[in-house]
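# Descriptive structure summary
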Amino acid sequence: MELRDKFREEGVRPLIEYREFQPIGHAYNARIDGHRYRQQAMCATVFSTIKRTLV
């Protein structure tokens with residue numbers, strides 16, 4: 001949470017989903033922009049693929 005708060009102070013909106021243990025987690029995840037989240041997921045996939053092929 002501290003890292004998220006620090007980013008928010010800088011005007012950065014997080015794309016990392018919350019763990020959904022409470023209803024507030026579901027609400028936060030519902031507000032995540034789907035298009036940008038898919039871009040983040042694609043970047044993670046690309047980095048994972050590069051890491052597996054080079055290591």
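Residues numbered from 1 in each chain as written. Predicted model: local features only at pLDDT ≥ 70, side-chain atom pairs only at ≥ 80, totals over all residues. Heavy atoms only, no water.

## Side note on the overall build of the protein chain
We apply this condition: Secondary structure elements follow DSSP: runs of H or I no shorter than four residues count as helices, runs of E no shorter than two count as strands, and numbering proceeds from the N terminus. Under the scheme applied here, a residue whose accessible area is under 20% of the maximum for its type counts as buried, over 50% as exposed, and between as partly exposed, the area being computed with a 1.4 Å probe on protein chains only. To measure how exposed things are, a 1.4 Å probe is used in the Shrake-Rupley method; for residues, cover is taken only from the protein chains shown.
The number of helices and strands found in the protein chain is three helices and zero strands. Listing the helices and strands of the protein chain from first to last along the sequence gives α-α-α. Expressed as a percentage of its 55 residues, the buried residues of the protein chain come to 11%. Of the roughly 5,200 Å² of accessible surface on the protein chain, 59% is carried by carbon and sulfur atoms.

## Some words on the confidence of the model for the protein chain
Stated precisely, the cut-off is as follows: Confidence per residue, as judged by the predictor, is encoded in pLDDT with a range of 0 to 100.
The pLDDT averaged across the protein chain works out to 77; a share of 80% of its residues lies at or above 70. Confidence, expressed as mean pLDDT per element, reaches its minimum in the protein chain at helix α2 (residues 23-30) with 73 and its maximum at helix α1 (residues 2-9) with 83.

## Looking at a nonpolar patch on the surface
We count it as follows: Nonpolar side chains (Val, Leu, Ile, Met, Phe, Trp, Tyr) are joined into patches within 5 Å and like charges within 9 Å, using only residues with over 30% relative accessible area and no salt bridge. Within this document, salt bridges are pairs made up of a side-chain nitrogen of Lys or Arg and a carboxyl oxygen of Asp or Glu, the two lying within 4 Å of each other.
On the surface, M42, V46, F47, I50, L54 and V55 cluster together into a nonpolar patch covering about 700 Å² of accessible area. In this fold, L54 is placed in helix α3 (residues 34-54).

## Some remarks on the pattern of salt bridges
One pass over the full model with this rule turns up one salt bridge. One salt bridge in this structure joins D5 and R8, with 3.4 Å as the shortest N-O distance. Taken as a pair, D5 and R8 lie in helix α1 at a separation of three residues, close to a single helical turn. Of the residues examined, D5 reaches a relative accessible area of 37% and is grouped as partly exposed. By relative accessible area, which is 39% here, R8 ends up partly exposed.

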